[in-house]
Amino acid sequence: MDLAFNTNEEAFRDEISAWLKSNIPKEKWEPMDTQIGFEQHRAWERQLYEGRWSVPNWPEKYGGRECTLIEWLLYEEEYYLSGAPGRVNTNGITLLGPTLFSWGTEEQKDRFFPKMANGEEIWAQGWSEPNSGSDLASLSATAVRDGDDYVINGQKTWCSRGAWADWIFCIVRTDPTSERHAGLSYLLVPGDAPGLTRRPVARLDGEPAFAEIFFDDCRVSMQNLLGEEGAGWSVAMATASSERGLNLRAPGRFLAATSRLIDLYKEVINNNPLMPSVIRDQVTEAYVNAQAYRWQVFQKASALMNGEAMGAEASYMKIFWSELDVDIHATALRLLADRGELVGEAPDVQGEGSWMSGYLFALAGPIYAGTNEIQRNIVAERVLGLPRK
Ligand SMILES: Cc1cc2nc3c(=O)[nH]c(=O)nc-3n(C[C@H](O)[C@H](O)[C@H](O)COP(=O)(O)OP(=O)(O)OC[C@H]3O[C@@H](n4cnc5c(N)ncnc54)[C@H](O)[C@@H]3O)c2cc1C
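Just so it is clear, the structure is predicted and the values come from calculations on it, not from any experiment. (Residues numbered from 1 in each chain as written. Predicted model: local features only at pLDDT ≥ 70, side-chain atom pairs only at ≥ 80, totals over all residues. Heavy atoms only, no water.)

## Some remarks on the state of the cysteines
Alright, step 1. Under the defined criterion, the tally for this structure stands at zero disulfides.
Alright, step 2. Left unpaired, Cys159 is separated from the closest cysteine sulfur, that of Cys170, by 7.1 Å.
Alright, step 3. Accessibility expressed as a relative area gives 0% for Cys170, which makes it buried. (Disulfide = S-S within 2.5 Å. Buried < 20%, exposed > 50% of the residue type's maximum accessible area, 1.4 Å probe, protein only.)

Spelled out as structure tokens, the structure:
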């Protein structure tokens, strides 16, 4: 087994690292879950696109560099280590993107990919409903064919950045006689479609990060059906696999966070040599686990490049990264003690309270992308072959 990166990979890493150093904005931006911050981050998507760094693993004709999966993982490492702004179009690029590559027609790809890559169209995911979260197959939003359109009725909720997104990818029931996983369809819905209204919903930190979406006889062209009518569950599972596996949360995010945690530990221990040694063990454990996740992902990436598919192991990877993220942030807050609660411009605040806001967001990791209880059920049944009951 060769664990070294080849010269192309090293050159690729150097190129993105240099580009980020000279392009990262100097000014401080609003969080992307505010209306102003959303537009600031959209402008960053455009800048990345112009440097051909928005979607490096996509085909050149859509603004990519056709880089390998290994190079993309190195790109993610450099991206997070550099402290570059968050990606406001993650739902489009990393969730819908791979699904569209697999299931979209050529017309759909040509229509949607360029504007997804350059940030002109930011996407949100409209799957969860007030009574359907973990049990998504129980969803009740409907779409009925009327001429060349679908007419959608129902409600979606917890739609991240749904308050301002330009497009929403939704799962709806198109066969009213169907039950559960059958009779569902995957529709791409413009945010300004007639009959669509949205209501922002605040997150734990008060930012309007979510929206409820209401469809009242909302009309959408049948051109916006992704995959076959009634095959929506299979299309959705392609998206879910991207969400749980390595696409949404590449290891670079956690490597960067543990690197900041180690810096914080060094800073705090200088001022407080009596810090309990158990904290040092927790910092070490976070580092080791981030490295373990890294190598697990590189191993899986090599297998994918050799033709393997991403199977149910996406579920245990999701459990691992989401719990690691909570541990990293909880350890930082233990290190900061009472300072950890300071946010904004408070005196003695550490990094404007970024560890606290990161912790609050990390707490959501075991919930979004399918809760960890559900992932454990999947691992039990499909990886370990345990009986359902
Ligand atoms: C930060 C964040 C962002 C999100 N973004 C989006 C988005 O953009 N678009 C979108 O559509 N949704 C989004 N969601 C919603 C998310 O997908 C749901 O919260 C999630 O699927 C769980 O559904 P629920 O909240 O209805 O909880 P429920 O399904 O009601 O579950 C409640 C509890 O019961 C447990 N449970 C349920 N069924 C079982 C079972 N069979 N076995 C064991 N335990 C079980 C769950 O694990 C959970 O602990 C987001 C959520 C969060 C927190």
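There is more to say after this.
## Thoughts on the nonpolar core
For soluble globular proteins, the rule of thumb is that nonpolar side chains tend to be buried together.
Alright, step 1. Membership of the largest hydrophobic core comes to 48 residues, with the highest contact counts inside it found for Leu20, Trp44, Leu261, Ile328, Leu335 and Trp355.
Alright, step 2. Ranked by residue count, the leading element in this core is helix H9 (residues 313-336), at nine residues.
Alright, step 3. Two domains each provide a minimum of three residues to this core, namely domain 1 (7-88) and domain 3 (245-383).
Alright, step 4. Beyond its immediate sequence surroundings of up to four residues, Trp355 is in contact with Ala257, Arg260, Leu261, Leu264, Ile328, His329, Ala332, Leu333, Leu336 and Gln350.
Alright, step 5. Counting 26 residues, the second largest nonpolar core, distinct from the first, contains Met32, Val88, Ile213 and Leu225. (Core = buried A, V, L, I, M, F, W, Y, C linked by side-chain atoms within 4.5 Å. Helix = DSSP H or I, 4+ residues; strand = E, 2+ residues; numbered from the N terminus. Domains from an automatic or database assignment. Contact = heavy atoms within 4.5 Å.)

## Some remarks on unusual backbone geometry
Alright, step 1. In this model, Trp158 sits at a positive phi of 55°, which is unusual for a non-glycine residue.
Alright, step 2. On the secondary structure map, Trp158 appears in the loop between strand E3 (149-156) and strand E4 (167-173).
Alright, step 3. You will see that Arg161, though not glycine, has its phi angle at about 55°, which is positive.
Alright, step 4. Among the secondary structure elements, Arg161 is positioned in the loop between E3 and E4.

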